[in-house]
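Working through the structure, step by step
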Amino acid sequence: MNGYVVQVENLKVYYPTSSGPVKAVDGVSFNLGAREKLGLVGESGCGKSTLALSLLRLIKPPGRIEGGRILLNGVDLTQLSWDKMRRVRLNQISLIPQGAMNSLNPVMRVRNQIMDGMRAHNQSMSRQELEARVYETLELVGLERNVATMYPHELSGGMKQRVCVAIAISLRPQVVVADEPTSALDVVVQRQVMETIGQLQEELGAAVILIGHDMGLMAQFVERLAVMYAGRLVEAGGIREVFRQPLHPYTQLLISSVPLLDEKGVFRGIPGLTPSLLHVPSGCIFHPRCPQAQDTCTEEVPPLVEVGPSRWVACHRHEVER
Amino acid sequence: MTALLELRNVTKVYTRGTFVRSGTVALDDVSLSAGGGTPAITALAGESGSGKTTMGLLLLGFLTPTSGQVLYDGQDLRKLSSQEWDTFRRDVQAIFQDPFAVYNPFYKVDHVLEVPIHKFRLAKSHAEARTLMEQALVGVGLRPEETLGRYAHQLSGGQLQRVTVARALLLKPRLIVADEPVSMVDASLRATILESLRKLNREFGISILYITHDLTTAYHIGDSIVVLYQGSMVEIGHVDPVIKNPQHPYTQLLVASIPWPDPDRKWQRTDKTALWREGLAKTAVGCKFADRCPKVMPMCRESTPPFYRIEPRRAVACYLHRDSPMIAAEEVTQLAL
């Protein structure tokens, strides 16, 4: 079992269209250790939300998992029946979807919304148990008991988002997938929500996959970072190593595009645009935007190779060095 | 020196309910000048619900104040003749948060540029209009041949947002009100938009009011900064000292919450009350931040703190600085210029 909670092997998620499949996730592999905080970073349209949804098998048709395995404690989720999968969700793995706070039902009290999820995924709890769990969970996310009887419009953005976190952890899953949990929130609330998730991670011993495009947030929260580009992983490694010495040119650009306080007025963007996932460039997917592209980059796809202890990169320049 | 636009003691209350009236005070007796003098970029920062968007909408003339005045070249906006109103509409341009919502999916993006050219009769012929559009696009770093003739869904959010900047540039305005122009755009594309905004300021001499909750971009693009909290200004001054050495406890909380892209520079442990009481603090009298403030004193709950001048061009509304000289509202107004 080698200590991994989640093992994703060569996962492929495609959306068929009239002009061919959109390969939103194209051969992604990674492992997630117990109690680990993993970050998955990439620009919009790189397939990171699709990856998040597919981990819970929540991809809506026509999109489908084309190949690969998702092992949760050694059990392949892609092979489970719909009914069994339903019992895995929220019990073992849960999702805080993007824009979650806007998905709360406006005419339902917070308590009932939290109970709803628990009832749907775990029929064995009695009403008393459910109610006790609601209060316990609200306390865990730092909300007061009286929030249980409130309606969403009575809560601020940060409180609503924490209610969504409460729903996700109500059945104490081992893995929480958070898809841009703070994208619409301002800095103070963002920090408050992230610290809530961090505290829970420690108290409940859950592993967290944080998905987003904000390198600053990643630096604050995760232990290991995986960089995704156009449906593939291009680099992975410990957060400090990746920030100190980014290997893939894309990661280098991504890090330098974040404004720092020390150099005022310096803006660095990444030239070019993310490729359409319908017509992926030949060879290395990043070569049209890469400042260091060579001839081989346009022809051969660089494999994701281990260049150091748990340090992975998919770039021809680092293959040579090896 | 008259400012191009000025808010004078403006209060804006949103009321709801037909029979039982209740109100939310979005702006509470705020005075601020924007534009005029040397073209500068003023950042307006604050959390959601601080009234920063309301302020932008008031300056654009989309909202009328509940009390107080919005002055354009010293004249009340509500008393402008239709001709003056037209000049105002040209002088003051807007850039909004969501670039996708600005475009009609059935029109080409050209439409957004064509409308102002027609409306203000900027060109005599089609060829001339085309040249103007191309110049504006080049001005914001876009290639016209790759932009014109496309539909909104064929361009990225970053490109669309730069076309709206180009539209503003087309009219050669004196002030641009940019409300969270980069918050819906990927971090990697933000740089290009901020770059074009700054170019507008430096090369074309346009003043910009940059509304944001993101202090890092505010710091990078702004010359001066105004920090809003629940409808009141709490700190105002040059962006460098305010961000590097914040004085109001609320500004300090904001700066301490910036997620630095450095794993060795984690969020410092700050006082938890300030962080966790978000959304709960509602003080009727006194300083609005009192319930969340780690340094609260009894006097903070008794009366609203006035502005104290702590540096020649910097003011803070906090009793912690009561040893510094008080400063009148009219003078505070000027500090943002």
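The model shown is predicted, which means the values in this text are computed figures rather than measured ones. (Residues numbered from 1 in each chain as written. Chains lettered and ligands numbered in written order. Predicted model: local features only at pLDDT ≥ 70, side-chain atom pairs only at ≥ 80, totals over all residues.)

Before going further, it helps to spend a moment on the overall build of chain A. Across its full length, chain A holds eleven helices and twelve strands. Taken over the C-alpha trace, chain A has a radius of gyration of 20 Å; the compact-globule value for 322 residues is 20 Å, and the two agree within 12%. Taken along its principal axes, the extent of the C-alpha atoms in chain A is 65 × 50 × 40 Å. A buried classification covers 48% of the 322 residues belonging to chain A. Residue pairs in contact within chain A that sit at least 24 positions apart in sequence constitute 64% of those at least 6 positions apart. (Helix = DSSP H or I, 4+ residues; strand = E, 2+ residues; numbered from the N terminus. Rg over C-alpha atoms; globule rule 2.2 N^0.38 Å. Buried ≥ 20, exposed ≤ 12 C-beta atoms within 10 Å, placed from the backbone. Contact = placed C-beta atoms within 7 Å.)

When the pLDDT values of chain B are averaged, the result is 86; 93% of them are 70 or greater. The ipTM value of the predicted complex is 0.81, and its pTM value is 0.85. (pLDDT = per-residue confidence, 0-100.)

Of the residues lining the interface, 36 residues belong to chain A; the matching set on chain B comes to 32 residues. Taken together, the elements giving at least two residues each to the side of chain A that touches chain B come down to helix H5 (157-169), helix H6 (187-204), helix H7 (215-221), helix H8 (239-244) and helix H9 (249-256) of chain A. Split into classes, the residues belonging to the side of chain A that touches chain B amount to 17 nonpolar, twelve polar and seven charged. (Nonpolar A, V, L, I, M, F, W, Y, C, P; charged D, E, K, R; others polar.)

Counting residues in hydrophobic clusters, the biggest one holds 192 residues, and the most contacted among them are A:Val177, A:Val227, B:Leu59, B:Ala166, B:Leu209 and B:Tyr210. In terms of residue count, the dominant contributor to this core is H5(A) (eight residues). (Core = buried A, V, L, I, M, F, W, Y, C linked by C-beta atoms within 7 Å.)

Our focus in this paragraph is the packing of helix H3 (residues 110-121) of chain A against H5(A). All names here are of chain A. At a minimum axis distance of 8 Å, the contact between H3 and H5 shows a crossing angle of 30°. Put simply, H3 runs roughly parallel to H5. The hand of the H3/H5 crossing is right-handed. Note on element contacts: H5 touches H3 through Val163, Ala166 and Ile167, opposite Val110, Gln113, Ile114 and Gly117. Looking at the contact of H3 with H5 residue by residue, the classes come out as five nonpolar, two polar and no charged. (Axes fitted to C-alpha atoms, helices over the stretch in contact; angles between N-to-C directions. Parallel < 35°, antiparallel > 145°, perpendicular 65-115°, else oblique. Left-handed = near helix turned anticlockwise from the far one by under 90°.)

All right, on to the environment of B:Ser188 then. For B:Ser188, the position within the fold is in helix H8 (residues 187-204). Distance from B:Ser188 to B:Gly158, taken between C-alpha atoms, is 9.3 Å for residues 30 residues apart in sequence. Residues in contact with B:Ser188, not counting those within four places in the same chain, are A:Glu43, A:Leu254, A:Ser257, A:Gly269 and A:Ile270.

With that out of the way, let us pick up helix H4 (residues 110-119) of chain B. The periodicity of an α-helix, 3.6 residues per turn, causes residues three or four places apart in sequence to face the same way. Along H4(B), the residues that are buried comprise B:Val112, B:Leu113, B:Glu114 and B:Ile117. Its buried side turned inward, H4(B) meets helix H3 (99-102), helix H5 (126-139) and helix H7 (157-170) of chain B.

Turning to the pairing of strand E2 (residues 20-33) of chain A, a few remarks are in order. Residue and element names in this part refer to chain A. The pairing of strand E1 (residues 4-17) with E2 spans eleven bridges and is antiparallel. By the bridge assignment, Val6 is partnered in E2 with Leu32. Hairpin connection from E1 to E2: two residues lie between these consecutive antiparallel strands. (Pairing = 2+ DSSP bridges.)

Residues and elements named next belong to chain A. If you walk across this open sheet you meet the eight strands as E6-E7-E8-E3-E9-E10-E12-E11, and the pairing is mixed. Since the sheet does not close on itself, it has two edges, and those belong to strand E6 (93-96) and strand E11 (305-308), each with one partner. Looking at each pair of strands side by side, their axes are set apart by 20° on average, direction ignored. Sheet strands in contact with helix H1 (residues 48-55) are strand E3 (37-41), E6, strand E7 (175-179), strand E8 (207-212) and strand E9 (224-229), and its direction is about 150° off that of E7. Taken strand by strand, H5 contacts E6 and E7, and its axis lies near 165° from that of E6.

On to the sheet that holds E2(A). Residues and elements named next belong to chain A. On the basis of which strands lie adjacent, the open sheet formed by four strands has the order E2-E1-E4-E5 and antiparallel pairing. Of all the strands in the sheet, just E2 and strand E5 (75-76) have a single pairing partner and so form its edges. Each of E1, E2 and strand E4 (64-72) is contacted by H1, which is oriented at about 65° to E2, the strand it contacts most.

All right, on to the packing of H5(A) against H6(A) then. Residues and elements named next belong to chain A. Where H5 meets H6, the axes come as close as 9 Å, and the angle between the chain directions of the two elements is 20°. Between H5 and H6, the crossing angle belongs to the class labelled roughly parallel. Here H5 and H6 pass one another in a crossing that is right-handed. Residues Gly157, Gly158, Gln161, Arg162, Val165 and Ile169 of H5 lie in contact with H6, whose contacting residues are Val189, Gln192, Val193, Thr196, Ile197, Leu200 and Leu204. Among the residues making up the contact of H5 with H6, the classes are represented as seven nonpolar, five polar and one charged.

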